[in-house]
Amino acid sequence: MKVVTSSEMQRIDKETIEGYGVPSVVLMENAGLGVVEVIKETHSKVNEMGVAVFAGCGNNGGDGLVIARHLSNQGVDVRVFLVGKASQVSHDCGVNLRIARKMKIPISEIASKISLDRVRQEWEGSRLVIDAIFGTGLSRDVSGVPAAVIEFINSLKVPIISVDIPSGLSADTAKPLGIAVKATETVTFGLPKRGLILFPGVLYAGKVTLVDIGIPRSLLQDPSLKTNILMEEEVTSLLPIHLPDAHKGDCGRVVVLAGSVGMTGAAALVSEAALKIGAGLVTLGIPEGLNRVMEVKLTEVMTRPLPETLGGSLALSGYDKIKEMLLDADVLAIGPGLGREKETSELVWRIIEEMKIPMVIDADGINALSLKPEVLKKSRTGIVLTPHPGEAARFLGIKIAQVQEDRIETARSIAQDYHTICVLKGARTIIASPEEVFINSTGNVGMASGGVGDVLCGMIAGLLAQGLSCFDAAKLGVYLHGLAADLLIEEIDPATLIASDIIGEMSKALKRAKEVRIRENSWVQRKITF
């Protein structure tokens, strides 16, 4: 499903109105009706609740007035609080303001902090708040009376439903513009906005419900929209299919180069995850001094002792043996726990530059590349990079705060500049190819634990080995990785989740994904929640 910026949504609205001839007031009517239907489904006793609609002077406020009108018609006690002066409203908002007045719906203007003090008393008796002050076009910090109104709304101990986006939240950056409404639920229109999907916007939006307001399908699926949210409909069709007579060789061969003194756990997690996701054979290349312990630690994974440095990391002299290992392999996973010795980094560079096998590069593999990023441009194969924000910052030579400032563009720039697939890990992991970006919808705070990224590296490698493209393996791996963690916290406290738990839950995640019946044309359903 496409995800849009404010300007992209404005362009879609404009083309709907001017190109297809759908009157803007019709879109406003459909939007308001869509919210009313959600309210009735979410709050079955809305007729017994007083509803306070806080409406701005723009088209978002017009949506709020449509909501007030239809709720009033259904016998709900509704009050409208206009944030601003009636003389300032937009054309379509004015149309609905005049109708609401003729219907005798109580309307109070909040044009000063004095009038807000009066509202504090008038709203009493309301048990549901509709936030329709600002829409997705807001680009400046909220101040003055609107800021005071939002502060007041946030102080109320009642459910809050925001229309299109919580007022004050940036539709593009997902950050509050000074102050933003903290909604219980957000009902958005046409397509999800970035601000509803990314953090910290997720914390302001609450449950997000998408409703169809009559925008033509072709506009919602416009190929020029390059950002998407990764949901089950996109990934279930990517699941590998194994024929009844398949053998282990048919399911793919993975070679893992990982581990060093004190970092054997990373090597074990990558290897086991690759097997658990369905790879037929996994061979771990490990510094020879660690081989004996890994043979004990790993039962199903084969190990191959390789020359090591004095510090216990993989040595450059092991290149020829590694080259031999890769002759029959389908994919290489390299990096977790390798260490940062100069000689090991040189080994990583040579492998990336000379080997033609698809690779998943993580952790210290990425740290090695940060010293010589141009090596990636010499690669002759498909590569998936899986950095966390710190690794991405080192790779790009910038600060972590700059990475987090715009995670989508950070991942996109790495993918485009180095012709790779970039998986930027974190809350709402970003999967970017040079052409397109997906924002993952699964995962939870329990994944903020050591080794979780190593598991993801192994999962993506295991899926690559089963024949998926780099981009599809990254998308499916990230989604299932988060899904396994989501299934876990249905039974355990997130604080207790560790990386090996995700490997143990992988079977359930795969089973859940395989049981999902792909809903054709799911986007045209009137309502989708996430």
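Just so you know, these numbers come straight off a predicted model, no measurement behind them.

The rules behind each value
Residues numbered from 1 in each chain as written. Predicted model: local features only at pLDDT ≥ 70, side-chain atom pairs only at ≥ 80, totals over all residues. Heavy atoms only, no water. Helix = DSSP H or I, 4+ residues; strand = E, 2+ residues; numbered from the N terminus. Rg over C-alpha atoms; globule rule 2.2 N^0.38 Å. Buried < 20%, exposed > 50% of the residue type's maximum accessible area, 1.4 Å probe, protein only. Contact = heavy atoms within 4.5 Å. Areas by Shrake-Rupley, 256 points an atom, 1.4 Å probe, with all protein chains shown as cover. Pairing = 2+ DSSP bridges. Axes fitted to C-alpha atoms, helices over the stretch in contact; angles between N-to-C directions. Salt bridge = Lys/Arg side-chain N within 4 Å of Asp/Glu carboxyl O. Expected span 1.5 Å × (residues − 1). Right-handed = clockwise from strand over helix to strand, strands pointing away. Parallel < 35°, antiparallel > 145°, perpendicular 65-115°, else oblique. Left-handed = near helix turned anticlockwise from the far one by under 90°. Nonpolar A, V, L, I, M, F, W, Y, C, P; charged D, E, K, R; others polar. Phe/Tyr/Trp six-rings, centres within 6.5 Å; stacked < 30°, edge-to-face > 60°. pLDDT = per-residue confidence, 0-100. Polar contact = N/O pair within 3.5 Å; in protein donor to acceptor, adjacent residues only side chain to side chain.

### Comments concerning the overall build of the protein
Logical step 1: The secondary structure content of the protein amounts to 22 helices and 18 strands.
Logical step 2: A compact globule built from 530 residues would reach a C-alpha radius of gyration of about 24 Å, and the protein, at 27 Å, matches this within 12%.
Logical step 3: Principal-axis analysis of the C-alpha atoms gives the protein an extent of 85 × 50 × 45 Å.
Logical step 4: Taking all 530 residues of the protein together, 59% fall into the buried category.
Logical step 5: Restricting the contact set of the protein to residue pairs at least 6 apart, pairs at least 24 apart contribute 72%.
Logical step 6: When the accessible area of the protein is evaluated, it comes to approximately 21700 Å², of which 50% is carbon and sulfur surface.

### Re the pairing of strand β8 (residues 227–230)
Logical step 1: Residues of β8 alternate between two faces, with T227 and I229 on one and N228 and L230 on the opposite face, all of them buried.
Logical step 2: The pairing of β8 with strand β17 (residues 437–440) spans 4 bridges and is classified as parallel. Across the sheet, the residue bridging to L230 is N440, located in β17.

### Examining the sheet that holds strand β11 (residues 302–306)
Logical step 1: The strand order β8-β17-β16-β15-β14-β13-β12-β9-β10-β11 describes an open sheet built from 10 strands, whose pairing is mixed. For this open sheet the edge positions go to β8 and β11, each flanked by a neighbour on one side alone. The mean inter-strand angle of the sheet, taken between neighbouring strand axes irrespective of direction, is 20 degrees.
Logical step 2: One ladder, built from 3 bridges, connects strand β16 (residues 430–432) with β17; its direction is antiparallel.

### Quick word on the pattern of salt bridges
Logical step 1: Using the criterion set out here, one finds 18 salt bridges in the structure.
Logical step 2: Residue D362 pairs with K425 through a salt bridge whose shortest N-O separation is 3.1 Å. Of this pair, D362 sits in the loop between β13 (359–361) and α15 (364–371) while K425 sits in the loop between β15 (421–424) and β16, placing them 63 residues apart in sequence.
Logical step 3: Residue D362 is classed as buried on the basis of its relative accessible area of 1%.
Logical step 4: The exposure class assigned to K425 is buried, which follows from its relative accessible area of 12%.
Logical step 5: Its salt-bridge partner being D472, residue K475 comes within 3.4 Å of it at the nearest N-O pair. Here the residue K475 and the residue D472 both occupy positions in helix α21 (residues 470–488), the gap between them amounting to 3 residues, near one helical turn.
Logical step 6: Among the charged side chains, a network of salt bridges with common partners joins R79, R118 and E122.

### Regarding helix α2 (residues 24–42)
Logical step 1: A rise of 1.5 Å per residue sets the reference length of α2, with its 19 residues, at 27 Å; its end C-alpha atoms lie 27 Å apart and thus fit the reference within 8%.
Logical step 2: Along α2, the residues that are buried comprise L27, M28, A31, G32, G34, V35, V36, V38 and I39.

### Focus on the pairing of strand β12 (residues 331–334)
Logical step 1: Residues V331 and A333 line one face of β12 and the alternating positions L332 and I334 line the opposite face, and both faces are buried.
Logical step 2: Of the strand pairs in this sheet, β12 and β13 are connected by 3 bridges, and their pairing is parallel. Residue pairing in the sheet places A333 in a bridge with V360 of β13.
Logical step 3: Tracing the backbone out of β12, into helix α14 (residues 342–354) and back to the parallel element β13 gives a crossover that is right-handed.

### A few points about α21
Logical step 1: Taking 1.5 Å as the rise per residue, α21 with 19 residues should run 27 Å; its terminal C-alpha atoms sit 27 Å apart, in good agreement.
Logical step 2: α21 sits mainly inside the fold: 17 of its 19 residues count as buried.

### Observations concerning the packing of helix α5 (residues 113–122) against helix α6 (residues 144–155)
Working note: a packed helix pair is described by the angle between its axes plus the distance between those axes.
Logical step 1: Running from N to C, α5 and α6 cross one another at 20 degrees; their axes reach a closest spacing of 10 Å. Between α5 and α6, the interaxial angle falls into the category roughly parallel. Where α5 crosses over α6, the two elements pack in a sense that is right-handed. From α5, K113, L116, V119 and R120 reach across to α6, where they touch G144, V145, A148, V149 and F152.
Logical step 2: Its residues assigned to classes, the contact of α5 with α6 shows 6 nonpolar, 1 polar and 2 charged.

### Observations regarding the packing of aromatic side chains
Within a pair of aromatic rings, the relevant descriptors are the distance that separates the centres and the angle that separates the planes.
Logical step 1: Summed over all chains, the structure comprises 4 aromatic pairs.
Logical step 2: An angle of 65 degrees between the planes, with centres 6.2 Å apart, marks the rings of F54 and F152 as edge-to-face. Remark: F152 occurs in helix α6 and F54 occurs in strand β1 (residues 50–55); sequence separation between them is 98 residues.
Logical step 3: Using a relative accessible area of 0% as the deciding quantity, one classes F54 as buried.

### A word on the environment of N367
Logical step 1: Within the secondary structure layout, N367 lies in helix α15.
Logical step 2: A residue is classified by how much of its surface remains accessible, and N367, at 7% relative accessible area, is buried.
Logical step 3: When the C-alpha atoms of N367 and G446 are compared, they prove to be 25 Å apart, with 79 residues separating the residues in sequence.
Logical step 4: The contact partners of N367, leaving out residues within four places of it in the chain, are R340, E391 and R394.

### Structural notes on the confidence of the model for the protein
Logical step 1: For the protein, per-residue confidence averages 94 on the pLDDT scale, and 97% of positions sit at 70 or higher.
Logical step 2: Across residues 517–526, where pLDDT falls below 50, the model places 21 contacts with residues more than four positions away in sequence or in other chains.

### Re the side chain of H481
Logical step 1: As for its position among the elements, H481 is in helix α21.
Logical step 2: Residue H481 is classed as buried on the basis of its relative accessible area of 6%.

### Examining the side chain of N444
Logical step 1: Relative to the elements of secondary structure, N444 occurs in the loop between β17 and α20 (452–465).
Logical step 2: Its relative accessible area of 18% is what places N444 among the buried residues.
Logical step 3: A polar atom in the side chain of N444 sits 2.9 Å from the side chain of D486.
Logical step 4: Not counting chain neighbours up to four residues away, the residues in contact with N444 comprise A485, D486, I489 and L497.

### Some remarks on the environment of D250
Logical step 1: On the secondary structure map, D250 appears in the loop between α10 (232–235) and β9 (253–257).
Logical step 2: Between the alpha carbons of D250 and Q221 there is a distance of 36 Å; along the sequence they are 29 residues apart.

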